[in-house]
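# Remarks on the overall topology
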Amino acid sequence: MVILIALGANLPDVAGKPPLETCQAAAAALDSLPGLRLRALSRWYRTQPVPPLPGAPTFVNGVARLEGDAGDPVALLAALHAIEERAGRLRPFPNAPRTLDLDLIDLHGLCREAPDPVLPHPRAHLRRFVLQPLRDVAPAWVHPVLRRPVEALLADLPTHEATPVPLQI
Ligand SMILES: Nc1ncnc2c1ncn2[C@@H]1O[C@H](COP(=O)(O)OP(=O)(O)OP(=O)(O)O)[C@@H](O)[C@H]1O
Ligand SMILES: Nc1nc2c(c(=O)[nH]1)N=C(CO)CN2
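Report on the accompanying structure. (Residues numbered from 1 in each chain as written. Chains lettered and ligands numbered in written order. Predicted model: local features only at pLDDT ≥ 70, side-chain atom pairs only at ≥ 80, totals over all residues.)

## Structural notes on the overall build of the chain
Test applied: The helix and strand labels rest on DSSP assignments: H or I over at least four residues marks a helix, E over at least two residues marks a strand, and numbering proceeds from the N terminus. For this measure, only C-alpha atoms enter the radius of gyration; the expected value for a globule follows 2.2 Å times N^0.38, where N is the number of residues. Whether a residue is buried, exposed or partly exposed is read from the other C-beta atoms within 10 Å of its own C-beta, which are placed from the backbone; 20 or more gives buried, 12 or fewer gives exposed, and intermediate counts give partly exposed. Here, residues touch in the contact sense if the C-beta positions derived from the backbone fall within 7 Å of one another.
Each helix and strand counted, the chain has four helices and six strands in total. The helix and strand sequence of the chain, counted from the amino end, reads β-α-β-β-β-α-β-α-α-β. The globule rule puts the C-alpha radius of gyration for 169 residues at 15 Å, and the 15 Å found for the chain is close to it. By principal-axis analysis of the C-alpha atoms, the chain measures approximately 40 × 35 × 30 Å. Looking at the chain residue by residue over its 169 residues, the buried ones come to 40%. Sequence-distant contacts in the chain: of pairs separated by 6 or more residues, those separated by 24 or more amount to 68%.

Below you can see the structure in the form of structure tokens.
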């Protein structure tokens, strides 16, 4: 039983905190959610915006693996949104630069289309900036719908996309 949450940021938060620090603080906030415990945190990666957005800053991305009883998926998504709000998250247009993004990738293998959250996250398997850190914390993970291991999903991705670069911290 595993809970996987992808973290990403490419703008300073409301207090001017840089993306890496915002992501680190968000990981601590995830560990504080009732009933949940942070079990592993990936390396942090520097990634290029996907799709490319001229002038947009590069992202910091990572994945957290948690365990525990998350309760209602809708309530868990609301809790993730509350953490994003505290970092000053705005949604001016699709794929806009953001102070913090938290995506629920997998919740105990649950598969559902509606209501939100859609599970597993419907675009996770297409995103190197999700799969690469996910492999750090859950190398044996298998996509609950596609039934493909993370390693195979990574191999399926087009090679022209820039590879996420681990940050030296
Ligand atoms: N598994 C999920 N994790 C996070 N958000 C989800 C999930 N399923 C559905 N959503 C919904 O997706 C919507 C868009 O989320 P958000 O604004 O964070 O998008 P985004 O990060 O710009 O793009 P993307 O959804 O492609 O990651 C939100 O209304 C959110 O409730
Ligand atoms: N590199 C990168 N690109 C993105 C990201 C992200 O976290 N990292 N998030 C997006 C929407 O969730 C869209 N594009």
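Resuming the write-up.
## Observations concerning the site of ligand 2
What counts, and what does not: Contact assignment follows one rule, namely that a residue is near a molecule or strand if its backbone-placed C-beta atom lies within 6 Å of it. When residues are grouped by polarity, Ala, Val, Leu, Ile, Met, Phe, Trp, Tyr, Cys and Pro land in nonpolar, Asp, Glu, Lys and Arg in charged, and all others, Gly among them, in polar.
Near ligand 2 you find G8, T47, Q48, P49, V50, F59, N61, N95, D101 and F129, and these make up its full shell. For the shell around ligand 2, the residue count by class is four nonpolar, five polar and one charged.

## What to know about the site of ligand 1
Taken together, the residues surrounding ligand 1 are L77, R91, N95, D101, D103, L104, D116, P117, V118, L119, H121 and R123. Considering every element that reaches the shell around ligand 1, the biggest residue donor is strand β5 (residues 101-107), with three residues. Within the shell around ligand 1, the residues separate by chemical class into five nonpolar, two polar and five charged.

## Overview of the environment of D13
For D13, the location among the structural elements is in the loop between β1 (3-9) and α1 (19-31). It is 29 Å that separates the C-alpha atoms of D13 and G68, two residues lying 55 residues apart in sequence. Among all residues touching D13, those that are not within four sequence positions of it are T22, A87, G88, T99 and L100.

## Some thoughts on helix α3 (residues 128-137)
Across the ten residues of α3, eight count as buried, placing the element largely inside the fold. Among all positions in α3, only R128, F129, V130, L131, Q132, P133, L134 and V137 are buried. Packed against the buried residues of α3 are β1, β2 (36-41), β3 (45-47), β4 (59-68), β5 and α4 (150-156).

## Brief notes about α1
Which entries qualify depends on this criterion: Expected span of a helix: the number of residues minus one, times 1.5 Å. This arc corresponds to the set of directions leading from the helix axis out to the C-beta atoms.
With 13 residues, α1 extends 19 Å from end C-alpha to end C-alpha; this agrees with the ideal 18 Å at 1.5 Å per step. Taken as a whole, α1 has its buried residues at P19, T22, C23, A26, A27 and L30. Take α1 and look down its axis: the buried residues cluster within an arc of 140°, on one side only. The elements touched by buried residues of α1 are β1, β2, β4, α2 (73-86) and β5.

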